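A structural walkthrough
Okay, here's what each chain looks like letter by letter:
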Amino acid sequence: SYNLDERSIALYPASPRGSSKLLQVDGYGRVTRHDNFSNVFGNLSKDCHIVFNDSRVLEARLFVDLVSGKKVELMLLDLGGINVYNKCVETPLQAMIRSDSIQVGDTLKVDNCKIEVIKIKGVWEEDDKSDGNGIECIVRIHSDASVEDYLSQNGTVPIPPYLRRNAEESDKDAYNNAYATNVGSVAAPTAGLHFTEPVLNEIGPENCSYLSLHVGAGTFKPVMVKDARDHEMHAESFSVPVKEIKNIITALKDGRQLISVGTTSSRTLESLYWCGLKKIQGLDDGSGVLQLSQMEWVPLKVGEGKNVTRIAAFEALIKDMDDSEALHGKTSLMICPPLYDFKVVDHLVTNFHAPDSTLMLLVSAFLKDSEGRKIPKIYEEAQTNGYRFLSYGDVCMFSKPGVP
């Protein structure tokens, strides 16, 4: 962990988009500071293949009236596992209500629309920079509108609670990536916020692949246990077109390194590797839906699993599949030091993350920071040098230790 100075938290994104600063740490641990992401990324990514998460954020935060008349926050926690084009009334939704007095059967309102609490799951805990804990529950919105349309008309952009401000009209664009197309996230894959159309054009479409991992609100839940492996990792839904897997395989066979844009892209790529390994070892359940539990990778990595390449794992996943098809699945993969060794990603583009977060653990594992000294030093020096932190902040580009 590290000490985050609240003055370092970016309340708004860099303007114009892409003008954020970039901190680079190469495979030998050398740090270089760049003043403008857009001016340097094309050169830094030369001869690499880049993987993006194209999930789009929905307006997943509602402000509802309790029976008492008090207005409170209702935050939808996960939209990745549902069809957002279905009617609300037919679609139970996982939610957090910022109140400690919610019970099954309670009826909330947004204007004249009823929202019914149909199940209580327990307490939803957040860190001390949010507006307090709430109740995790299942709700039903009594509207014939689709989930997407209802949220678009009644919701607000679910900017992170630590920003401690209301969403503004500008957040609708600012909190989504320029290439975001597949709706389903309730939090942005923020590493992509630095990319603009000119930068994407400079990279070239032939050097890019896109997958979708729909980010859930669990990404904001702090790790509050002594052993990070005991933290209950949130599951997130993903989909990857077969043609994109083939493009990645081709790039790897051509000797090109993979740049993953964001922790969500990384989590998906690493999950795909382990799912491919399951298929090779005959452990796939044959359902057609990929599943990976929190620590399932541990037994997979021993024995024959030690020698399976990322190319072989990916080829196993798409065997006998057509280019028009896609892989679908759900992952609870927990990536943390000192045990986890990245199998797919060579370079990671990612923002500066909150202390005690699962995202921080992923970055620490990527840089093999098993003693917890490397990342705090990098982050604290970045604060000293005026870098802005968290979702709307500046960006890092890390190379896996030993990768040139």
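Structure: see above.
Described below are features of the structure shown in this document.

Glancing now at the overall build of the protein chain. For the protein chain, the helix and strand inventory stands at ten helices and 18 strands. Computed over its C-alpha atoms, the radius of gyration of the protein chain comes to 21 Å, within 12% of the 22 Å expected for a compact globule of 404 residues. For the protein chain, the spread of C-alpha atoms along the principal axes amounts to about 60 × 50 × 45 Å. Each of the 404 residues in the protein chain was classed as buried or not, and the buried ones make up 56%. Contacts in the protein chain between residues far apart in sequence, at least 24 positions, make up 76% of those at least 6 positions apart. As displayed, the protein chain has an accessible area near 17,300 Å², and 46% of this comes from carbon and sulfur atoms. Across the protein chain, the centroid of the 43 positively charged side chains sits 3 Å from that of the 55 negatively charged ones.

Considering all chains together, one arrives at 20 aromatic pairs under this definition. On the numbers, 5.0 Å between centres and 85 degrees between planes, the contact of tyrosine 273 with tryptophan 274 is edge-to-face. Linked through ring pairs, Phe37, Phe41, Phe52, Tyr179, Phe195 and Tyr210 together constitute an aromatic cluster. One cation-aromatic arrangement involves lysine 21 over tyrosine 387; the distance from NZ or CZ to the ring centre is 4.6 Å. When the ring centre of tyrosine 12 is taken as origin, the NZ or CZ atom of arginine 165, which lies over that ring, is 4.0 Å away.

Attention now moves to the packing of helix α6 (residues 263-280) against helix α8 (residues 310-317). For any two helices packed against each other, the geometry is given by the interaxial angle and the distance between the axes. At a minimum axis separation of 8 Å, α6 and α8 run at an interaxial angle of 70 degrees. Comparing the axis directions of α6 and α8 gives the class roughly perpendicular. In this structure, α6 uses Leu269, Leu272, Tyr273, Cys275, Gly276, Leu277, Lys279 and Ile280 to contact α8, whose residues at the interface are Arg310, Ala312, Ala313, Phe314, Ala316 and Leu317.

With mixed pairing, the ten strands of this open sheet are ordered in space as β2-β1-β18-β17-β14-β3-β12-β13-β16-β15. Of all strands in the sheet, those with a lone pairing partner are β2 (31-34) and β15 (289-292), marking the two edges. Between one strand axis and the next, the sheet turns through 20 degrees on average, direction left out of account. Helix α1 (residues 37-44) rests against β1 (22-25), β2, β3 (48-53), β14 (257-261), β17 (347-351) and β18 (395-399) of the sheet, and its axis sits at about 30 degrees to β1.

A separate point is the side chain of glutamate 136. Position of glutamate 136 among the secondary structure elements: in strand β10 (residues 134-141). Excluding residues within four positions of it along the chain, glutamate 136 makes contact with Leu77, Gln94, Ala95, Met96, Ile120, Lys121, Gly122 and Trp124.

What tends to happen in soluble globular proteins is that the nonpolar side chains get buried as a cluster. Among the nonpolar cores identified, the biggest contains 69 residues, and Leu272, Trp274, Phe314 and Phe389 are the most heavily contacted of them. Sorting elements by how many residues they give to this core places α6 first, with six residues. Contacts of tryptophan 274, omitting those with residues within four sequence positions, involve Leu292, Trp297, Leu300, Lys301, Leu333, Tyr340 and Lys343. Counting residues in hydrophobic clusters, the runner-up holds 34 residues, among them Ala60, Met75, Leu93 and Tyr150.

Along the chain, the position of serine 364 falls in helix α9 (residues 358-366). A relative accessible area of 9% means that serine 364 is categorised as buried. When near neighbours in sequence (up to four residues on either side) are disregarded, serine 364 contacts Pro337, Asp369 and Ile375.

Turning to the pairing of β2, a few remarks are in order. Here β1 runs beside β2; their pairing, made up of four bridges, is antiparallel. Of the residues in β2, the one forming a bridge with valine 25 is valine 31.

Criteria and thresholds
- Residues numbered from 1 in each chain as written.
- Predicted model: local features only at pLDDT ≥ 70, side-chain atom pairs only at ≥ 80, totals over all residues.
- Heavy atoms only, no water.
- Helix = DSSP H or I, 4+ residues; strand = E, 2+ residues; numbered from the N terminus.
- Rg over C-alpha atoms; globule rule 2.2 N^0.38 Å.
- Buried < 20%, exposed > 50% of the residue type's maximum accessible area, 1.4 Å probe, protein only.
- Contact = heavy atoms within 4.5 Å.
- Areas by Shrake-Rupley, 256 points an atom, 1.4 Å probe, with all protein chains shown as cover.
- Lys, Arg positive; Asp, Glu negative; His and termini not counted.
- Charge placed at Lys NZ, Arg CZ, Asp CG, Glu CD.
- Phe/Tyr/Trp six-rings, centres within 6.5 Å; stacked < 30°, edge-to-face > 60°.
- Lys NZ or Arg CZ within 6 Å of the ring centre and 35° of its normal.
- Axes fitted to C-alpha atoms, helices over the stretch in contact; angles between N-to-C directions.
- Parallel < 35°, antiparallel > 145°, perpendicular 65-115°, else oblique.
- Pairing = 2+ DSSP bridges.
- Core = buried A, V, L, I, M, F, W, Y, C linked by side-chain atoms within 4.5 Å.

Interpretation note: all reported values are geometric properties and have no functional meaning in isolation.
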